[in-house]
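Inside the fold
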Amino acid sequence: MQTHLIIPNHDALTQMAQKIWAIAAASNERPLVILPTAGPNLSLRLALEANRASNTMPLPEVHSLADWLALAPNGLHLPMPQSHTERILQTYATMQTHPNLRAWFTAEGEGGAWSLASAIVSACDLLSQSVLPQLAWNIEQLDLEQGIEQVQSKLTQAITEAYPRLAQELVTKESAVLLAYWRYLSSERDPIMTQHLALVSHLHQWKMNPETRRPLIWIETIEENESQARSDEGFLGHCEAFIPVHRFVMDWNSIGLWPETMDTHASKDEQLQINRSALLEKHMTCLSAKRFEDLAWEATRCIESHLLAGRTQIALVAQDRLLARRTRALLARFGSGLSIEDETGWKLSTTRAAAALHAWLELLRSPPQGPSANTLLEFLKNPFLDISQLFETTPNEIAVLIGELEGMLLIKQARASWVSFYLAIEAGASSEYDPRLHRLLQSIRKRVSLWQGREMQNLLCARALEQLQDDLSHFGMRDQFERDAAGLQLLAMLDKLGLEQSRLPSLRMPLAEWVIFLKTRMEEEVYREQGSDALARVTILPLSATRLRRFDAIVMVGCDERQLPSYSETPLFFSETLCQTLGGTDMAWQYRQQARDLSQLFASYSYIDLLWQSEGASGEPLRASPWIMRLQANLPQLATREANRFARSAVARPIEMSQATRLDGLPMPTRMSPSAYRALRACPYQYYVRSLLGLRKRKDLDEALDASMLGQTLHQILRNFFQELKSTEARDAKRMSDLEFRKDWMITHLMHASEQGFSRLLEGDQRIVGQLRDWQKQIPSFVEWQLERESQGWRFHDAERKLGFEFNFSDEHGQFHQIRIEGYADRIDQQPNTSLLSILDYKNQSREKVMERSTQLMDDPQLLLYAEALSAQGPIDQLDWVALKMNLKKKDASKRSVTIAEIPLAMQQLHAQLQSDLGSVWSGGAMRAFAPESTCRYCDARGICRKGMW
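Residues numbered from 1 in each chain as written. Predicted model: local features only at pLDDT ≥ 70, side-chain atom pairs only at ≥ 80, totals over all residues. Heavy atoms only, no water.

**Brief notes about the overall build of the protein chain**
Within the protein chain, the secondary structure is distributed over 37 helices and 24 strands. In the protein chain, which comprises 950 residues, the share counted as buried stands at 50%. Considering only contacts in the protein chain between residues 6 or more positions apart, those separated by 24 or more positions represent 77%. When the accessible area of the protein chain is evaluated, it comes to approximately 45,300 Å², of which 51% is carbon and sulfur surface. (Helix = DSSP H or I, 4+ residues; strand = E, 2+ residues; numbered from the N terminus. Buried < 20%, exposed > 50% of the residue type's maximum accessible area, 1.4 Å probe, protein only. Contact = heavy atoms within 4.5 Å. Areas by Shrake-Rupley, 256 points an atom, 1.4 Å probe, with all protein chains shown as cover.)

**Description of helix 23 (residues 511-524)**
Its 14 residues give helix 23 an end-to-end C-alpha distance of 20 Å, which sits within 8% of 20 Å, the value for a rise of 1.5 Å per residue. Of all 14 residues making up helix 23, 10 are buried, and the element is well covered by its neighbours. Along helix 23, the residues classified as buried are Leu511, Glu513, Trp514, Val515, Ile516, Phe517, Leu518, Lys519, Arg521 and Met522. (Expected span 1.5 Å × (residues − 1).)

**Let's talk about the nonpolar core**
Here is a general trend for soluble globular proteins: nonpolar side chains tend to be buried in one another's company. Within the largest apolar cluster, 73 residues are counted, with the highest numbers of intra-cluster contacts made by Trp360, Phe379, Ile444 and Trp514. Beyond its immediate stretch of four places on either side in the chain, Ile444 contacts Trp360, Leu363, Leu376, Phe379, Leu380, Trp418 and Phe475. (Core = buried A, V, L, I, M, F, W, Y, C linked by side-chain atoms within 4.5 Å.)

**Quick notes on unusual backbone geometry**
Cis rather than trans, the peptide bond between Leu564 and Pro565 has omega equal to 5°. Along the chain, Pro565 falls in the loop between strand 14 (553-557) and helix 24 (576-581). The phi angle at Leu548 is positive, at roughly 55°, despite the residue not being glycine. Structurally, Leu548 is set in the loop between strand 13 (536-541) and strand 14. Its relative accessible area of 7% is what places Leu548 among the buried residues.

**Digging into helix 34 (residues 862-870)**
Within helix 34, eight of the nine residues are buried, which leaves the element mostly enclosed by the surrounding structure. Regarding helix 34, the residues found buried are Gln862, Leu863, Leu864, Leu865, Tyr866, Ala867, Ala869 and Leu870.

**Observations regarding the pattern of salt bridges**
Summed over the entire model, instances satisfying the criterion amount to 43 salt bridges. The partner of Glu523 in a salt bridge is Lys347, with the nearest N and O atoms 2.9 Å apart. Taken together, the residues Glu523 in helix 23 and Lys347 in strand 9 (residues 346-347) connect sequence positions 176 residues apart. Judged by relative accessible area, which is 38%, Glu523 ranks as partly exposed. When its relative accessible area of 42% is taken as the criterion, Lys347 is described as partly exposed. Two residues, Glu482 and Arg478, come together in a salt bridge whose shortest N-O distance is 4.0 Å. Residue classification places Glu482 among the partly exposed residues on the basis of a relative accessible area of 42%. (Salt bridge = Lys/Arg side-chain N within 4 Å of Asp/Glu carboxyl O.)

**Looking at the sheet that holds strand 1 (residues 2-6)**
The five strands lie next to each other as 1-5-4-2-3, forming an open sheet whose pairing is parallel. Each edge of the open sheet carries a strand with a single partner, namely strand 1 and strand 3 (61-64). For this sheet, the mean inter-axis angle between neighbouring strands, taken without regard to orientation, is 20°. Here five bridges tie strand 4 (residues 216-220) to strand 5 (residues 245-250), and the two strands are oriented parallel to one another. Counterpart to Glu220 in the pairing with strand 5 is Val249. Lying over the sheet, helix 2 (residues 41-50) contacts strand 2 (32-35), strand 3 and strand 4, oriented at roughly 165° with respect to strand 3. (Pairing = 2+ DSSP bridges. Axes fitted to C-alpha atoms, helices over the stretch in contact; angles between N-to-C directions.)

**Examining the sheet that holds strand 13**
Taken together, seven strands build an open sheet; the order of strands is 8-13-7-14-15-6-16 and the sheet is parallel. Each edge of the sheet is formed by a strand with only one pairing partner; in this case those strands are strand 8 (338-342) and strand 16 (640-642). For this sheet the average axis-to-axis angle between neighbouring strands, irrespective of direction, equals 20°. Here strand 7 (residues 313-318) runs beside strand 14; their pairing, made up of five bridges, is parallel.

**What to know about the side chain of Asp597**
Note that Asp597 resides in helix 25 (residues 587-604). With residues near it in sequence (within four places) discarded, Asp597 still touches Leu543, Ser544 and Arg547.

**Thoughts on the packing of aromatic side chains**
Taken as a whole and judged by the stated rule, the model has 20 aromatic pairs. Aromatic rings pair up to connect Phe721, Phe722, Trp745, Trp775, Phe782, Trp785 and Phe796 into one cluster. Geometry around Tyr607 places Arg311 over its ring, the cationic atom sitting 3.8 Å from the centre. In this arrangement the basic side chain of Arg827 is found over the ring face of Phe722, its NZ or CZ atom lying 4.3 Å from the centre. (Phe/Tyr/Trp six-rings, centres within 6.5 Å; stacked < 30°, edge-to-face > 60°. Lys NZ or Arg CZ within 6 Å of the ring centre and 35° of its normal.)

**Description of the environment of Asn74**
As for its placement among the helices and strands, Asn74 is situated in the loop between helix 3 (65-70) and helix 4 (84-96). Along the primary structure Asn74 and His202 are separated by 128 residues, whereas in three dimensions their C-alpha atoms are 9.0 Å apart. Setting aside anything within four residues of it in sequence, one finds Asn74 in contact with Ser201 and His204.

**Re the pairing of strand 15 (residues 607-613)**
Two faces belong to every sheet, and in a regular strand the side chains alternate between them. Taking burial as the measure, the seven residues of strand 15 include six buried ones, the bulk of the element. Strand direction decides the pairing type here: strand 6 (residues 283-289) and strand 15, joined by seven bridges, are parallel. Paired with His283 across the two strands is Tyr607, which belongs to strand 15.

**Examining the environment of Ala753**
With respect to the secondary-structure elements, Ala753 resides in helix 31 (residues 739-764). Through-space distance from the C-alpha of Ala753 to that of Asn720 is 7.6 Å; in sequence the pair is 33 residues apart.

**Things to note about the pairing of strand 7**
Judged by how many residues are buried, strand 7 sits mostly within the fold: five of six residues are covered. For strand 7 and strand 13, the ladder comprises five bridges, and the chain directions are parallel. What sits directly across from Leu316, in strand 13, is Ile540.

**Concerning the packing of helix 17 (residues 395-412) against helix 19 (residues 436-451)**
Interhelical geometry of helix 17 versus helix 19 gives an angle of 90° and a closest axis separation of 10 Å. As judged from the angle between their axes, helix 17 and helix 19 are roughly perpendicular. Contact residues: helix 17 offers Glu397, Leu401, Ile402, Glu404, Leu405 and Met408, while helix 19 offers Arg436, Leu437, Leu440 and Leu441. Considering only residue class, the contact of helix 17 with helix 19 consists of seven nonpolar, no polar and three charged. (Parallel < 35°, antiparallel > 145°, perpendicular 65-115°, else oblique. Nonpolar A, V, L, I, M, F, W, Y, C, P; charged D, E, K, R; others polar.)

**Structural notes on the confidence of the model for the protein chain**
On average, the protein chain scores 82 in pLDDT, and the residues at 70 or more come to 85%. Averaged pLDDT values for the elements of the protein chain fall to 52 in helix 7 (residues 148-169) and rise to 95 in strand 14. Long-range and interchain partners of residues 139-152, a stretch whose pLDDT sits below 50, account for 21 contacts in this model, where long-range means more than four residues apart. (pLDDT = per-residue confidence, 0-100.)

**Some words on the packing of helix 34 against helix 35 (residues 903-922)**
Geometry of a packed helix pair, given as the angle between the helix axes and the separation of the axes. Here helix 34 crosses helix 35 at 100°, and the two axes come no closer than 10 Å. The orientation of helix 34 relative to helix 35 falls into the category roughly perpendicular. On the side of helix 34, the interface is formed by Leu864, Leu865, Ala867 and Glu868, while helix 35 contributes Ala906, Met907, Leu910, His911 and Leu914. Residues of the contact of helix 34 with helix 35, tallied by class, amount to seven nonpolar, one polar and one charged.

**Details of the side chain of Arg447**
Considering the arrangement of structural elements, one finds Arg447 in helix 19. With near-sequence residues (within four places) excluded, Arg447 lies in contact with Trp360, Gln467, Asp470, Asp471, His474 and Phe475.

**A look at the state of the cysteines**
Tallied over the entire structure, the rule returns zero disulfides. In this model Cys683 remains outside any disulfide bridge; the closest cysteine sulfur is found in Cys939, 6.0 Å from its own. You can call Cys683 buried: its relative accessible area is 7%. (Disulfide = S-S within 2.5 Å.)

Shown next as structure tokens:
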């Protein structure tokens, strides 16, 4: 075996190519070149082509290690490697038989089981890796002519022999359980084991077929960890018996910029000075900015300057991936002349296709009574949904239909449950009502109900996948996925998942955990966006991927002390010391390798820009990476420069109270509701925004109980009850005149009416049962109040009646105006055999709250406005607010009403006030935002008037 040192600088690929051609000429054979990863394949092939002395010489065969192992001889006879998903499913199935393991490992929450299974698989890989050197030495004793079966038996023997040693090193209870998992779940189908079986197959071919022998060139771009190094040395040592072996290793001493990157030797300090002095010929800048956005723009400017200078192949090294993604978005402004290729990989779960599937999975997890409106609308509005075939119409008409449904749900505040959705549709029905709204909801509900049956609570995973695929086809999502790159990958993931599950015994799990499993798979799947052909290219890649690559310039973001260096966590159950004992990668190894990668970056490229954010999210100061700071002490040209591209003025400008005036030509309303007038009294600016400009905040559809819906339900219950009472009196006046019978009848029928009124709401949300019980406790006291009112001569006359009147006024310019003020009165009572009328307004509040209204009558004159409208039919003798939430522990619980005193005087004040308020607005007077905090707290216009800033 010969070892060749390669200096990992800008000339590294040329060095390799020349040495490979020399080996090929000396052996007169076509060498086999193995790279650890596929990234440098193309660059090395181009270098080999550029350094070929004669066109008659065939190019050496270049493969990444994974690709070469996939081409192993007798590949059909090798065991098929288990995928990561298969192993997690197998581990999960084992955990299902031991439920106490979840509590033992504190695997809580819906995703706890999958996180634990994934951690166990990763830990088992580390244990298997530690056994590989032992396997490599056993290869010497194998009779390769007997084939793979003996290799498999030796594998079992190696695991058995390694078990006692590992059992001594893994001393905790958790580690003992982990070791048992590894012993009984590990097999020749584990990916790490199948790789070594493939190596054995190659060895077997070279031993049995001399004509296949040729030089093997083994390239090592990093220092391998102890376990991997021993395994490779054992394999290459066996290769020497059959073929010439050449190892290409990196000479880090020739380019190392810090002592930790170099091997120990006497002239380390001298070599460091030589290596650092080579940086004087480089064009390097160090830039920092306090704000994230400023830094992204500065990175974009750096890339733009390289492009203008003719450097067309640029690498954006994403030490800070979030900043790199923002820079990528800014680079998109350059158009099709710039191709952007992201090698860091997006999670598939972040794509639009995954979001569409996620929306459907969330519907499946909804309660039996139905999903929230937000969940339903998120599914209906995903861009991959195509149900036009189901309704035999066009996609545009379906979009209008969904918009109509959303509007109805918003207006009626139907926040959750199928029943509330149906009620919203029925309440919003008009002459333009589209019956397809019901069909749309029913088609979705029918599909969701298939998942929520009893047989699906512990569903068979293979059956669930088939049902999911059928759902995607039913809603047209599969066809849409096939037209999208991420959608195609999502479908391939589902197909592959079906194959992986088919190799396992019948696996069952609860629906919630199966959905979590699918989401976890989308989170683990990597989606790489492919670049297009263009005159220039920006490649986004991690620091490790710059090895043996060729670029014209490097822009590296995230060079602060938090992100450079960066470390990956050790597998669960393993400490740093234990990982080191098992021959895995520890923190010191990661630190040394990243320092070497950074040294290689400086040595390989002439144009380098280093950028980082100098302030954290909380304003804490951040310094440059310690490696950069150590270089700056010796290299003045690396001094940090603050990015000042976005200078900002700090001149203060006082903010005044928001106010508005009526714009010329702005159409003024011809109608006004009592609530609109109340808004004008509370805050003229609020009235201006809401009623004159028509700006309203879009209502949210959350899952909280809707107080307005409960209030409307109570109003409807009382209306139906009193109408039934009125008709019963007409039919059976004698019995209803008996006070005891009348009281019992009223309590019984109001209880029944309340049950009926709340029944449909209860179907949608069982939480409402508490509101129903609270109201039913009030019913006896409410009946006593009603009987007391009847003893005063009042009888129910009408409810939910629309009342209005025309109000004439003139503005300050003498212009005459007329506006209709109208609304719906909750209840009207009448004195029998007289023309006296009484108006009542129900308030779902306590009596104390209602009494506060009486002190501010002219700011909320709703009852006075109704009295003005009804006065044409008869004299208004009484105006009352009625509290529906009384404290039943108090003795006066039946005293629910609060009466307005001196109605004639109040009516005179109302007329004068209407003239003043409306005349001022119509005259163009200032409408100021002067409301109290109680009014502003829930005001839609607060985001416009900016109260709290002036």
